Amino acid sequence: MTVAPPSTLAQLRCFNPACRSQFAITEVLYNCPKCGALIEAGYSPLSASAAELKRTFRERRLSNSPLDQSGVWRYREMFPFLSDYSHVVTLREGNTPLLDAPLAAEYGGLKRISFKHQGFNPTGSFKDNGMTCGVAQARALGMKRVACVSTGNTSASMAAYAAAAGLEALIFLPHGNISFGKLAQALEYGAKTLEVEANFDQILALIRVLADRLGIYLLNSVNPFRIEGQKSIMFEMLDQRDWQVPDWVVLPGGNLGNVSAFGKGLREANSAGLISRLPKLAVIQAEGSAPFYEFVHEGAREFRPVEKPETLATAIRIGDPVSWPKALHEIQSSNGVVEKVSEQEIADAKAIIGRCGIGCEPGSASTLAGIRKLTAAGVIDRDADVVAVLTGNVLKDPDYIYKYHRGKLEAPGGVKIQSTYGNRSIVVLNDADKIAKLLG
Ligand SMILES: *Cc1c(COP(=O)(O)O)cnc(C)c1O
Ligand SMILES: [Zn+2]
């Protein structure tokens, strides 16, 4: 059953309230050509009722069609930017569990917590939710090449989806900053990787010039279609809770695309009648990389980037987050908060999430560390219904884990991180009696 046909009534629009220029959904835009602000996708109101939508989303879970099996495209009425779904390439992204974790709840000062674990995605992070949409739009536009500047989860995800879609993937990096640990997935998926003698901003400017010339579609964090796909994380979470709205949704903040997506998705779900109130959003940043926290808490007029962002949580090591104006709007609209946490707090929270049998990458663990601070400060109630989003898989950063458990982890600047919940391997002799005694 289909509720709404793919709409031709989608547009791109400028996010600046003073401009609000509109453009065709098929224009290749990353910023407003009139004022330079961020752009977003916008749609005409849905014709289907909330009850019809909920039924359709649920029925699709029984379907064997690839589009319905995707935890992103299952909710396609909520982002109808394509007029032809044959452009979609899905690796069955989304479909991530909502997990209860009593030990983590206790650590976080809560009676209950559930983790929406995006690390269960095909390439191990929530970037897949957005990338399937970005790549579908690239194909709809007839592009043959896609590109991003990234050493992390974005490049892994883009490389996989581009390969599956038969597009050429180009990854640009500042020369010398290469870390094969993080690039391994991208290399495996066949992406062409270029190290450029320039810094991040210079490379971004360079690939914008090349993009026009060489027919390259940019899939960096500003790409509005990635944001559309990431909204599905909230739709799926609500669907899994039978549309019961939590009090709080907590997530890490790097470039701030994800909080922008969550806020937009939740507001749109509210307008469509799928829910009747908004959860509060809490964004958690790492202390050494917290420009959004500083901006919100100082009430500054100007957004000041952090020159040299530092944190072992590399997924959120972003000094100049492109999506901050959208993120600010979502924090204000949801009555949310922004918190920051130390390297030690992230490391310990991560070990606790591990002890729940769940595990995640360091950036994701900032959520539980932030929750612990926010409950202690009385911002989040002990009784509150809290969903924390774990953004990446535990296997993304094994080096960090091994060092933490051996007491060898050092924060930037050489500060030693205590192995509070360390778990070391024990060397034993090949002697049954001795081992039996050791194990009690
Ligand atoms: C990209 C990423 C983040 C940061 O998300 P933003 O949208 O940039 O704020 C956090 N955690 C993981 C694992 C990521 O890959
Ligand atoms: Zn504009």
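Residues numbered from 1 in each chain as written. Chains lettered and ligands numbered in written order. Predicted model: local features only at pLDDT ≥ 70, side-chain atom pairs only at ≥ 80, totals over all residues. Heavy atoms only, no water.

## What about the coordination of the zinc ion (ligand 2)?
Think of it this way: four donors in a tetrahedron around the metal ideally sit 109.5 degrees apart, and six in an octahedron ideally sit 90 or 180 degrees apart. Each protein donor to the zinc ion (ligand 2) is listed here as Cys14 (SG), Cys19 (SG), Cys32 (SG) and Cys35 (SG); together their distances run 2.3 Å. Angles of 97 to 117° at the metal separate the four donor atoms of the zinc ion (ligand 2), which places the site in the tetrahedral class. Along the chain, the residues that donate to the zinc ion (ligand 2) are spaced as C-x4-C-x12-C-x2-C. Given a relative accessible area of 4%, cysteine 32 falls into the buried group. Overall, cysteine 35 belongs to the partly exposed group, its relative accessible area being 36%. (Donors = N, O, S within 2.8 Å, 3.2 Å for Na, K, Ca; no water. Tetrahedral: all angles 85-135°; square planar, octahedral: opposite > 155°, others 65-115°. Buried < 20%, exposed > 50% of the residue type's maximum accessible area, 1.4 Å probe, protein only.)

## With respect to the confidence of the model for the protein chain
Across the protein chain, the average pLDDT comes to 95, with 97% of residues at or above 70. Counted against residues more than four places away or in other chains, residues 1-7, with its pLDDT under 50, gives 18 contacts. (pLDDT = per-residue confidence, 0-100. Contact = heavy atoms within 4.5 Å.)

## Observations regarding the packing of aromatic side chains
Evaluated as defined, the whole model comprises 13 aromatic pairs. Ring geometry for tryptophan 73 against phenylalanine 79: centres 5.6 Å apart, planes inclined by 65°, an arrangement best described as edge-to-face. Phenylalanine 79 matches tryptophan 73 in its accessibility class, with the two residues each being buried. Aromatic rings pair up to connect Trp73, Phe79, Phe81, Tyr85 and Phe225 into one cluster. Residue placement shows lysine 326 over the ring face of phenylalanine 15; its charged tip is 5.9 Å from the ring centre. (Phe/Tyr/Trp six-rings, centres within 6.5 Å; stacked < 30°, edge-to-face > 60°. Lys NZ or Arg CZ within 6 Å of the ring centre and 35° of its normal.)

## With respect to the sheet that holds strand E13 (residues 386-390)
The six strands are arranged E4-E5-E13-E10-E11-E12 in an open sheet whose pairing can be described as mixed. Taken across any chain shown, the strands that pair with only one partner, and hence form the sheet edges, are strand E4 (98-100) and strand E12 (337-341). Averaged over neighbouring strand pairs, the angle between their axes works out to 25° when direction is ignored. Both strand E5 (residues 114-117) and E13 contribute to a ladder of four bridges, which runs parallel. What sits directly across from histidine 117, in E13, is leucine 390. Most of the contacts of helix H11 (residues 291-298) go to E12, to which it runs at about 130°, and overall it touches strand E11 (280-286) and E12. Helix-sheet contacts for helix H13 (residues 343-355) involve E5, E11, E12 and E13, and the interaxial angle to E12 is about 95°. (Pairing = 2+ DSSP bridges. Helix = DSSP H or I, 4+ residues; strand = E, 2+ residues; numbered from the N terminus. Axes fitted to C-alpha atoms, helices over the stretch in contact; angles between N-to-C directions.)

## Here we look at the site of ligand 1
Taken together, the neighbourhood of ligand 1 is formed by 15 residues, with Lys127, Asn153, Gly254, Asn255 and Thr391 sitting nearest. Backbone polar atom of asparagine 255 to an oxygen atom of ligand 1: 2.7 Å apart, as the coordinates give it. Within the contact set of ligand 1, an oxygen atom lies 3.2 Å away from a backbone nitrogen or oxygen of glycine 257. Calculation on ligand 1 without its partners gives an accessible area of 380 Å², and the protein chains cover 94% of this total. (Near = heavy atom within 4 Å. Polar contact = N/O pair within 3.5 Å; in protein donor to acceptor, adjacent residues only side chain to side chain. Areas by Shrake-Rupley, 256 points an atom, 1.4 Å probe, with all protein chains shown as cover.)

## Examining the environment of alanine 10
For alanine 10, the location among the structural elements is in strand E1 (residues 10-14). Spatially, the C-alpha atoms of alanine 10 and phenylalanine 23 are 9.5 Å apart, while their sequence positions differ by 13 residues. Beyond its immediate chain neighbours, meaning those up to four positions away, alanine 10 contacts Ile25, Gly42, Tyr43, Pro80 and Phe81.

## Quick notes on the environment of lysine 34
By the secondary structure assignment, lysine 34 is in the loop between strand E2 (22-24) and strand E3 (39-43). Sequence separation between lysine 34 and isoleucine 426 is 392 residues, and the spatial gap between their C-alpha atoms is 64 Å. In this view, lysine 34 contacts Cys19 and Ser21; residues no more than four positions away in its chain are not counted.

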